[in-house]
Amino acid sequence: MKILPIVKIPNKILRKVSRDVKKEKMDSSDFRELCDNMAFTMVEKDGVGLAAPQVGLNIRLISVNTKDGPIIMINPKIIKKSLLKEWGEEGCLSVPETFGKVKRHKKVKCSYLDINGKKNTISANGLLSVVIQHEVDHLDGVLFIDKAEDVKNIKNF
Ligand code: CO
């Protein structure tokens, strides 16, 4: 496995709406390798999540870290969200040395295809809920700084 280079702002790749991954693509060894490398890169860079645009690909693919290790979510879709929202501090590997407070749904339910193309859903709260919302935003060209308040650059600290 290898560490993939991270795309950073102001690269336009981060601002595009990504397209769904096609079923036939999922069977290729290249695609599996990409998934492995994304999970590996996320862990090596101490990220809690990583979206494909962050490695230069505008496809709907994310990796999120859970207490049981990384999971790959293909074509993730948030199908349910709590009315209740909560503020939390966020950062992003594509927006270096920057943090800010973002209001997110406290709980979300997300459907996705796993690495074998099998349909799955996950119900998340706490940090995982925040991470899923943050990563799915990436697939729509949205960055946390678009929504954040009290944005701080740690270089100015
Ligand atoms: Co991010």
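Worth saying up front: this structure is predicted, and the values here are computed from it rather than measured.

Visitor: Quick one: what's the story with the sheet that holds strand 5 (residues 95-105), residue by residue and with numbers?
Guide: Strand order in the open sheet made by the three strands is 4-5-8, with antiparallel pairing throughout. Of all the strands in the sheet, just strand 4 (85-92) and strand 8 (149-153) have a single pairing partner and so form its edges. With direction set aside, neighbouring strand axes in the sheet form an average angle of 15°. As judged from the three bridges shared by strand 5 and strand 8, these two strands associate in the antiparallel manner.

Visitor: Please set out the environment of P70 residue by residue, giving values where relevant.
Guide: On the secondary structure map, P70 appears in strand 3 (residues 69-81). Classification of P70 by relative accessible area gives partly exposed; the value is 39%. With 26 residues separating them along the chain, P70 and P96 place their C-alpha atoms 22 Å apart. With residues up to four places along the chain from it excluded, the contact list for P70 reads A39, M42, V43, S63, V64 and N65.

Visitor: Could you give me a rundown of helix 2 (residues 29-44), with the residues and numbers involved?
Guide: If you check helix 2, its first and last C-alpha atoms are 22 Å apart, about what 16 residues at 1.5 Å a residue would give, namely 22 Å. Burial in helix 2 covers these residues: F31, L34, C35, N37, M38, A39, T41 and M42. Tucked into the core, helix 2 has its buried residues touching helix 1 (23-26), strand 1 (49-51), strand 2 (61-66) and strand 3. Trailing helix 2 by a residue or two, D46 shows a phi angle of about 60°, which is positive.

Visitor: So, the coordination of the cobalt ion: which residues are in play, and what are the values?
Guide: Surrounding the cobalt ion are the protein donor atoms C92 (SG), H134 (NE2) and H138 (NE2), at 2.1 to 2.2 Å. Positions of the donor residues of the cobalt ion, expressed as sequence spacing, correspond to C-x41-H-x3-H. Of this pair, C92 sits in strand 4 while H134 sits in helix 3 (residues 126-139), and the two are 42 residues apart along the sequence. Judged by relative accessible area, which is 12%, C92 ranks as buried. Residue classification places H134 among the buried residues on the basis of a relative accessible area of 8%.

Visitor: Just give me the short version of the side chain of D114, but keep the residues and values in it.
Guide: Counting through the fold element by element, D114 comes out in the loop between strand 6 (107-113) and strand 7 (119-125). Of the polar contacts made by the side chain of D114, one reaches the backbone nitrogen of N116; its length is 2.8 Å. Apart from the residues within four sequence positions on either side, D114 is in contact with I72, I74 and N120.

Visitor: Before we move on, can you summarise the nonpolar core with the specific residues and values?
Guide: A general feature of soluble globular proteins is that nonpolar side chains tend to end up buried together. The biggest cluster of nonpolar side chains holds 18 residues, and the ones touching the most others in it are F31, L34, M38, I59, L61 and I74. Looking at this core, the elements that each hand over two or more residues are helix 2 and strand 3. It is helix 2 that contributes the most residues to this core, six residues altogether. Counting 14 residues, the second-largest nonpolar core is a separate cluster that includes V64, A124, I132 and V136.

Conventions used here
- Residues numbered from 1 in each chain as written.
- Predicted model: local features only at pLDDT ≥ 70, side-chain atom pairs only at ≥ 80, totals over all residues.
- Heavy atoms only, no water.
- Pairing = 2+ DSSP bridges.
- Helix = DSSP H or I, 4+ residues; strand = E, 2+ residues; numbered from the N terminus.
- Axes fitted to C-alpha atoms, helices over the stretch in contact; angles between N-to-C directions.
- Buried < 20%, exposed > 50% of the residue type's maximum accessible area, 1.4 Å probe, protein only.
- Contact = heavy atoms within 4.5 Å.
- Expected span 1.5 Å × (residues − 1).
- Donors = N, O, S within 2.8 Å, 3.2 Å for Na, K, Ca; no water.
- Polar contact = N/O pair within 3.5 Å; in protein donor to acceptor, adjacent residues only side chain to side chain.
- Core = buried A, V, L, I, M, F, W, Y, C linked by side-chain atoms within 4.5 Å.

Interpretation note: all reported values are geometric properties and have no functional meaning in isolation.
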